[in-house]
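Each chain is listed here by its residues.
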Amino acid sequence: MTTTPHAEPGEGAEVVVTGRAGHRGVLFAMCLALVLVVASVSALNLALPDLALDLSASNSELTWIADAYTVTLAALVLPLGAIGDRLGRRNVLVVGTLVFGGASLAASFADSTTTLIAWRAVMGLGAAMIMPGTLSTITAAFPPEQRAKGVATWSGFAAAGAIIGMLAAGALLEQFSWRSIFVTSAATALAACLAAVVLAPNTKDAHPHRPDVAGAVTTALAIGTLVYGIIEGNEKGWIEPEVIGAFAVTVVSFAAYAFLGMRTAHPLLDPALFGIRGFRAGAITVLVQFMAVFGFFFVGLQYLQLILGYSPLKAALALVPVALAVLPVSQLTPRLVRRLGMKAVMSTGLFLLAVGLFVISRLDVDAGYLPFLGGLILAGVGIGLSGAVGTSAITGSLGRGQQGVASAMNDTTREVGSAVGIALMGSIYGSHYRDSLPASVDRLPADAAEAVRHSAAAGLQVGDRLGAQGAALTQGVRTAFMDGLSASLVAVCVIVLAAAVGALLRAPKNPPTPD
């Protein structure tokens, strides 16, 4: 592909490389690939009620269907970002779109939860090859004076991409089955592949270092076992040997990563970077924000469909106000940071996110949509503020040659947050839902009682089949669902609020810059 170099003012030896359509073409291609990855985290949430019925999936299996993709993405995005730095970010991204598309097409034929979970994990592998190349190509191809705007646009699409995915999934589910989501994802992956080949430059680190295999293995183990422990601990019991063992491996892996990283000449991600206040504050902000957002999507969409009775498309449209708040606010954030400082914008964004989710946690079965909307708008403004400033803090802490690792670290915090948020909120929701079911469930036939305990969607279906006699069961299932929703949201609100206080006390006033 032909590229056009532009020398930067004051940096004669350094060039900015753009594609055939200039910076706008690069931004389009990278944001298309980004939306593909992010949308695939959220889109399937709309199909959870259908999956619960079609594949007889329990709450735990639904959590794994959602999280297999995210856990794999979170565990591998950092080492694959480093590989992109060595071999070319666009090269790795293009291969990733092919892996992603093939796995997505195969997932459309899945006939069991196990098969679907496996293909979702392979999709996560492809996504981990795509994701770091999106931001690192933008930061490497844009000159310093335009980079903040490029990062802000990327951050806006990273948040709004979830809504875009849900809108597309909602429209598909109005006419087709959940399998159509995977077929459409495969077609989008092909489009993203072609856009990257035609419009994006193949940037890479001019002086690559020896791969840090130990760092890649320890971080992947730590992330995978952490999420496994959270999900299976809720399902099987927190004192089961395999759950305790998973958490033990998590602790040992993180400790090994820190120990080996401090003694490696060129670690995958230098643990010392967490000593940089801006880098640390950005990583915590992005992690906590995505923990809250994608955990909320997992349970919030079920509220719209199961409690308010919305169709998949109407449920997706009901979340559009988040995107309408996020995109303009994220574009405004660089200006606010220059005027008010990073600390003020970061802590305010997290605080508004916590308040918005807390408002939603106070809803009951009869609350309706308007109170839900009020919480959504507050949360959306908070997402726009905290996401853009958190991303800029991370990427600004590393030089241009390490933007693949900076991007991968940003992506890792996002995906770890998403994976932990889905696991944590899904587990809290599931346990409170089961504990809050009415005693009358025990008097149902064994198969019906098990279905009710497995998921709220199945519980409501059982109530409908019982006719007039099922009215009390239906109300009990709805109330139990709201108890689980409220408990999961309160838990994540506490975490987000703690992060807001931490940012206010410890984040630097001004953001770091890489140049």
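Residues numbered from 1 in each chain as written. Predicted model: local features only at pLDDT ≥ 70, side-chain atom pairs only at ≥ 80, totals over all residues. Heavy atoms only, no water.

Let's talk about the domain arrangement of the protein chain
Counted only if it meets this: Annotation comment: domain bounds sourced from an automatic or database domain assignment. Whether two residues are in contact is decided by their heavy atoms: any pair within 4.5 Å suffices. Accessible area that two parts lose when put together, evaluated with a 1.4 Å probe and summed over both, is termed the buried area. Salt bridge, as applied in this entry: a Lys or Arg side-chain nitrogen positioned within 4 Å of an Asp or Glu carboxyl oxygen. Pairing of N or O atoms within 3.5 Å defines a polar contact, subject to two protein rules: one partner must be a possible hydrogen donor and the other a possible acceptor, and residues neighboring in sequence count only if both atoms are side-chain atoms. When residues are sorted by character, Ala, Val, Leu, Ile, Met, Phe, Trp, Tyr, Cys and Pro go into the nonpolar class, Asp, Glu, Lys and Arg into the charged class, and all the rest, Gly among them, into the polar class.
Assigned domains of the protein chain: these are domain 1 (18-200), domain 2 (213-265) and domain 3 (275-514). One C-alpha centre belongs to domain 1, the other to domain 2, and the line joining them spans 25 Å. The interface is formed by 8 residues belonging to domain 1 together with 9 residues belonging to domain 2. Across the interface of domain 1 and domain 2, roughly 780 Å² is buried in total on both sides, 76% from carbon and sulfur atoms. Sorting the residues of domain 1 by area buried against domain 2 places Ser-60, Trp-64 and Ala-75 first, and these three jointly supply 50% of that buried surface. Inspection of the region where domain 1 meets domain 2 yields 0 salt bridges. Viewed at the interface, domain 2 and domain 1 are joined by 1 residue pair in polar contact (both at pLDDT 80 or more). Among the residues forming the side of domain 1 that touches domain 2, the class breakdown is 5 nonpolar, 2 polar and 1 charged.

Describing the packing of aromatic side chains
The line we're drawing: Any pair of Phe, Tyr and Trp rings, taking the six-membered ring for Trp, is counted once the centres come within 6.5 Å. Such a pair is stacked with planes under 30 degrees apart, edge-to-face with planes over 60 apart, and tilted for the rest. In this scheme, a residue with accessible area under 20% of its type's maximum is buried, one over 50% is exposed, and one in between is partly exposed, where area comes from a 1.4 Å probe on protein chains only.
Tallied over the entire structure, the rule returns 14 aromatic pairs. Judged by centre distance (6.1 Å) and plane angle (85°), the ring pair of Trp-178 and Phe-182 falls under edge-to-face. As far as burial versus exposure is concerned, Trp-178 and Phe-182 are alike and both buried. Ring centres of Tyr-369 and Phe-372 lie 6.0 Å apart, and the angle between their planes is 35°; on these two criteria the pair is classed as tilted. Each residue in the set Phe-290, Phe-294, Phe-296, Phe-297, Tyr-303, Tyr-310, Tyr-369 and Phe-372 is aromatic and connected to the rest through ring pairs, giving one cluster.

Let's talk about the pattern of salt bridges
Applying the stated criterion to the full structure yields 2 salt bridges. A salt bridge links Asp-85 to Arg-89, with the shortest nitrogen-to-oxygen separation between them at 2.9 Å. Of the two residues, Asp-85 and Arg-89, both sit in the buried class. For Asp-442, the salt bridge is made with Arg-453, and the minimal N-O distance between the two is 2.7 Å.

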